[in-house]
Each structure stands twice: as structure tokens, then as C-alpha cells.
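# Examining the three-dimensional arrangement
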Amino acid sequence: MTRATTSASNMFRRFLCEGSHEAEEQFPEETDSEYSEEGTLLHDLAANPDKDRSDLNAEQKEILDRAERGADKILQSVKTSLKISDNESFEEGHEKEMWFRKGLKNLFPGHCDRWRYYPRLKVLVIIDHKFGYRKVEEAETNTQLRCYAVMGAAKWDSDNVLVAINQPRLPYDDRVSIAEYDRDTIKAAREYLLDGWEACHKPNAPRVADAENQCLYCKAKLHCDAYREKYAWMSSIPTDQAGLFIEHLAELTDEQFAKVFEACSFAEKVFDKLKEEGRRRKESGRLPMFEVGKETPDARITDPYLAFQLMQKDGLSNQEILSCANFGLGNLAEKISLRFTLSNKDAKRRVRDVLAEVITVTSKAAPLKLIPDWKPQPAAIENGSDTELFPITFRNITP
């Protein structure tokens, strides 16, 4: 099935770079990576819990269990917050196609992973599973979920739409966020999205490069003038002078430091994709200045319990095996929470108390982040300015 160039999942990119729609239309769909194939598989199994999961490894099964528990918590949180009775009738399902429309015209699609609708109350809940490792923007400001809220309200005639993100691979406290829309905020969100769609469909819409956001997953970035202009200066640094460059970091101006910082952050995020593109080019006879080395196996243990048994059988003692184990405190806390019906906070405290004599607490270096679109501030501002992108307010619900 051919994917739409613009959809709910990439609408955020259209706001950040209006020219990205026109740019990406010129390129075919990308081949799915190993991670996107796994995501497709996990989404399918989450939508079809009766399907056979025997081919999954222990980690993937755990992630699906977490996703199901997270979805249940989201639905219960909505019921509690809106005081919905356990006896209230509802309809629900998975993988529903929705459309953002202008009149009778379909503009772009979206697919929600799970939904529940209370017809008498006109309350709709939409849950979006994210099975990746990278934290996405929370529900309150997430453009994809904003699209789902507008699409869902039209499809189900809803007074209230609650949209939620469920990220089972993240630490417990970061997995779920929920935002609520009512009729007024749905109307404002629709106008905002329509303005964005129309802006990105204008001929020769401007292109804006930002490695942290819109360029990260853009198919057209390696062919984009704005992208090349912003990062072309990186190629002027000789690769054999990295040590010399490091020695002179203290001499960089603040503006130069910011450029280097952004470039390094970007390179870290796209290097694997860049190598994938390089291998494709080599296969088609391009990139004569490169060579492709041998593939190396990437082995990891996905079922620690079975691995423990197998190493015992091979002759290692329990102490020898456990000395190689890496216990994740977050995972242990989650198991304790389920076993003893404790809150996540109490489970974490219990794990720390039990393991106090073997836990070493160190401080991580404080993270350094660029402030998006930062500009030097004038000494005084005569007239105040409204910095909000659009007049929409939300009431968050915390599970």
C-alpha cells in the first residue's frame, strides 16, 4: 500500500519545514529498517492479542505486556478523572483509519492504535503506542495526537477527546502522557492544522533545516539546499585534525560552540541512517571512495532466565553467572509493583531498601541542551508579545 506523503505522523515536520512536503514527494518510500519492522510487528500484535507470539523473544513479550498494562491504566485514568461509571456502555477497537477533511475532500490520513468511545457521553479515548527507544513529544503538544483528536472528533461526534501516548520501552515515569480536547479546542486545533497543511502545499514553500527536529527522519534531507547550507561548514574541518580541534575547544566563541554542539548532536542521531544510505549506494555502484566491510554479529541476551539455566547446565556456578548480570532497578521495581500490588513509587523505595548494601549512587553530569530558536534578547521590550503558537489550552490527566 502506498503511503501518503503527508500524514498525521509527519505533520509536525510540515510545521517546522513547510517545504518538506514538496521535497519528500520527489522520493520513493524508504525501505523499512530493522527497528521499524519490529515496530510494525509489535503494533500488529498489540492490535491482535490472540495472534501467536511464540516467535518473539522475552524482551519483546515484556514490551507488549507493558503496552497492554499502560493502555489499561490510561483507560482507567480517564474513567476516574471524568467520573465514568463501570456500567457505562462503550465501543472500542484497534487500528482505525481516520482522515482530516476539508469539506468532502480527504486531505491526509491517520491510524490510531487503540480507541474507546462512550456514545452516551460523547467521550472518545485514543491511544497511540510508541515502541521505539526515543522519547516523543508529550500528548499535550504532540502534533500527531492533535491530528488524531480532530480526526476522531469528526468520526465519532465527540464532545471530549482524550489522546494518550504509551511508550512501554521508556522508564515507568516517562511512559504515559494524556491530554484532553473539548469542542472549542478541537475547533482551534482544526484551524491550526488546516493552516499548516495549506502552507506546506504552496509551490516552493520554504525549507528550514534543523537536525534535532524536522531533518531527523526527512527522506529528502541529503538533497536539500537548506540542509546542505546549514551543515556544509562541517566538511571544512579536516578529519585528521580532531585532536587539535579538541585542544582548542576553549577558544570557540559561544556562537561557534553552539554550531559544533548542534552538529555533533545531529551526527550522533543520523550516523546509522547515513551508513544505511551509503550501503545502498555501494550496492548500486556508487560511492567509489568507500568500501563496505564485513558484517559483524550483534548478539544480545533476550531471555535472562533461560540464559541463566543454560549457563548452569554448561557448568558455571550461580555466583559466576550472577556476577555478570546487570540488574535494572526500574525493571525490578516494576516486577515488585506487580507482585505485591504496590505503587511504582513504593516499589522503587522497596527495591532501594532491599538492595541498599549493593547500590552505589552517583550523580550524572547535568544535560546540556540548545534552546530552540534562541535569539539574543534586547535590553528592554517596549511592547509585550504573545509567544503561544495557537490559542489552545489543555487539561492534563495523569495516570
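Look up a bit, the structure's there.
Each value, and the rule that gives it
Residues numbered from 1 in each chain as written. Predicted model: local features only at pLDDT ≥ 70, side-chain atom pairs only at ≥ 80, totals over all residues. Heavy atoms only, no water. Helix = DSSP H or I, 4+ residues; strand = E, 2+ residues; numbered from the N terminus. Buried < 20%, exposed > 50% of the residue type's maximum accessible area, 1.4 Å probe, protein only. Areas by Shrake-Rupley, 256 points an atom, 1.4 Å probe, with all protein chains shown as cover. Salt bridge = Lys/Arg side-chain N within 4 Å of Asp/Glu carboxyl O. Expected span 1.5 Å × (residues − 1). Bend = angle between axes of the 7 residues up to and from the residue. Axes fitted to C-alpha atoms, helices over the stretch in contact; angles between N-to-C directions. Left-handed = near helix turned anticlockwise from the far one by under 90°. Contact = heavy atoms within 4.5 Å.

### Some details on the overall build of the protein chain
- Tallying secondary structure elements over the protein chain gives 13 helices and six strands in all.
- Relative to its 399 residues, the protein chain shows a buried fraction of 34%.
- Carbon and sulfur atoms make up 52% of the accessible area of the protein chain, which amounts to about 26,500 Å² in all.

### What about the pattern of salt bridges?
- For the structure on display, the rule yields 26 salt bridges.
- Of the charged contacts in the structure, one is a salt bridge between R69 and E334, with a shortest N-O distance of 2.6 Å. Taken together, the residues span a long stretch of sequence, with R69 in helix α4 (residues 58-81) and E334 in helix α12 (residues 329-340) at a distance of 265 residues.
- A residue is classified by how much of its surface remains accessible, and R69, at 25% relative accessible area, is partly exposed.
- A residue is classified by how much of its surface remains accessible, and E334, at 6% relative accessible area, is buried.
- E277 serves as the salt-bridge partner of R281, at 2.7 Å between the closest nitrogen and oxygen. Here R281 pairs with E277, and both are found in helix α9 (residues 254-283), just four residues apart, close to one helical turn.
- The network of salt bridges with shared partners includes E62, R66, R69, R175, E334 and K335.

### A few points about α9
- Taking 1.5 Å of rise per residue, the 30 residues of α9 would be expected to cover 44 Å, and the 42 Å separating its terminal C-alpha atoms lies within 8% of that figure.
- Along α9, the sharpest kink reaches roughly 50°, centred on V270.
- Listed in full, the buried residues belonging to α9 are V260, E262, A263, S265, F266, V270, G278 and R281.
- Phi turns positive, to about 90°, at G285, one or two residues after α9.

### Structural notes on the packing of α12 against helix α13 (residues 344-354)
- Packing of α12 against α13 leaves a shortest axis separation of 8 Å and a crossing angle of 115°. The element α12 and its partner α13 pack so that their crossing is right-handed. For the pair formed by α12 and α13, the contact residues are L329, L332, A333, I336, S337 and F340 on the first element and N344, A347, K348, R350, V351 and R352 on the second.

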